[in-house]
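Chain residues, written in single-letter form:
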Amino acid sequence: QVQLVESGGGLVQAGGSLRVSCAASGRTFSSYNMAWFRQAPGKEREFVAAISSSGGSTYYRDSVKGRFTISRDNAKNTVYLQMNSLKPEDTAVYYCAAEYKQSTINYRTTYYYPTLYDYWGQGTQVTVSS
């Protein structure tokens, strides 16, 4: 069982930066592939970024490539999402998610499916004003 708690959301002007964090409970954090998803009002939850259990592989949706960076610190049981050059369309509730069943090879082609993930945080609001 893993519990995930997000923090670091807030209100920022367009062009600004935010870093959201996700702290995980449990001793096996380094075994979990981790991801960030987001959901804007009236829209479906969408994939944002993912990182493999070792941190050796990262994946991004096209619209955030070059602006967002996902990272993890397995010693601190924490995954981060650094968001730069924020745009109003990045406004959403951001959720972190964890899964442990996929091998590194399989995860390369499955990371963006929300149904893949076993554990979810409660979300943190990110609002970007224009």
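Here's what I pulled together on the structure shown here.

The rules behind each value
- Residues numbered from 1 in each chain as written.
- Predicted model: local features only at pLDDT ≥ 70, side-chain atom pairs only at ≥ 80, totals over all residues.
- Heavy atoms only, no water.
- Helix = DSSP H or I, 4+ residues; strand = E, 2+ residues; numbered from the N terminus.
- Rg over C-alpha atoms; globule rule 2.2 N^0.38 Å.
- Buried < 20%, exposed > 50% of the residue type's maximum accessible area, 1.4 Å probe, protein only.
- Contact = heavy atoms within 4.5 Å.
- Areas by Shrake-Rupley, 256 points an atom, 1.4 Å probe, with all protein chains shown as cover.
- Lys, Arg positive; Asp, Glu negative; His and termini not counted.
- Charge placed at Lys NZ, Arg CZ, Asp CG, Glu CD.
- Phe/Tyr/Trp six-rings, centres within 6.5 Å; stacked < 30°, edge-to-face > 60°.
- Polar contact = N/O pair within 3.5 Å; in protein donor to acceptor, adjacent residues only side chain to side chain.
- Pairing = 2+ DSSP bridges.
- Axes fitted to C-alpha atoms, helices over the stretch in contact; angles between N-to-C directions.

On to the overall build of the chain. When its secondary structure is counted, the chain shows one helix and eleven strands. The order of α-helices and β-strands along the chain, N terminus first, is β-β-β-β-β-β-β-β-β-α-β-β. For 130 residues, the compact-globule estimate of 2.2 N^0.38 gives 14 Å, and the C-alpha radius of gyration of the chain, at 14 Å, lies within 12% of that figure. The principal-axis extents of the C-alpha atoms in the chain amount to approximately 40 × 25 × 25 Å. The buried share of the chain, reckoned over its 130 residues, is 45%. For the chain, restricting intrachain contacts to residue pairs at least 6 apart in sequence, the fraction spanning at least 24 positions comes to 59%. On the chain, roughly 6600 Å² of surface is accessible, and the fraction owed to carbon and sulfur atoms is 46%. Across the chain, the mean location of the 13 positive side-chain charges is 4 Å away from that of the 9 negative side-chain charges.

Let us now look at the packing of aromatic side chains. Scanning all chains against the criterion turns up 13 aromatic pairs. Summarising the aromatic geometry, the rings of Tyr111 and Tyr112 are spaced 5.2 Å apart at their centres and angled 85° between planes, so their arrangement reads as edge-to-face. Accessibility expressed as a relative area gives 15% for Tyr111, which makes it buried. Owing to a relative accessible area of 38%, Tyr112 belongs among the partly exposed residues under this scheme.

Turning our attention to the environment of Ser54. Structurally, Ser54 is set in the loop between strand E5 (46–51) and strand E6 (58–60). Since its relative accessible area comes to 60%, Ser54 is described here as exposed. In sequence terms Ser54 and Ser30 are 24 residues apart; their C-alpha atoms lie 6.6 Å from each other. Separated by 3.1 Å, the side chain of Ser54 and the backbone nitrogen of Gly56 make a polar contact.

This paragraph deals with the environment of Phe29. Its place among the elements puts Phe29 in the loop between strand E3 (18–24) and strand E4 (33–39). With 71 residues separating them in the primary sequence, Phe29 and Tyr100 have C-alpha atoms 9.1 Å apart. If near-sequence neighbours (up to four positions away) are discounted, Phe29 is found in contact with Ala24, Met34, Arg72, Asp73, Asn74, Asn77, Thr78 and Val79.

Right, let's talk about the sheet that holds strand E1 (residues 4–7) for a bit. Here we have four strands laid out as an open sheet, ordered E1-E3-E8-E7, and antiparallel in their pairing. Strand pairing shows two members of the sheet lacking a second neighbour, E1 and strand E7 (68–73), which therefore form its edges. Each strand of the sheet is rotated relative to its neighbour by a mean of 15°, with strand direction disregarded. Sheet topology places E7 next to strand E8 (residues 78–83); six bridges connect them, and they run antiparallel. From the neighbouring strand, Ile70 faces E8, where its bridge partner is Leu81.

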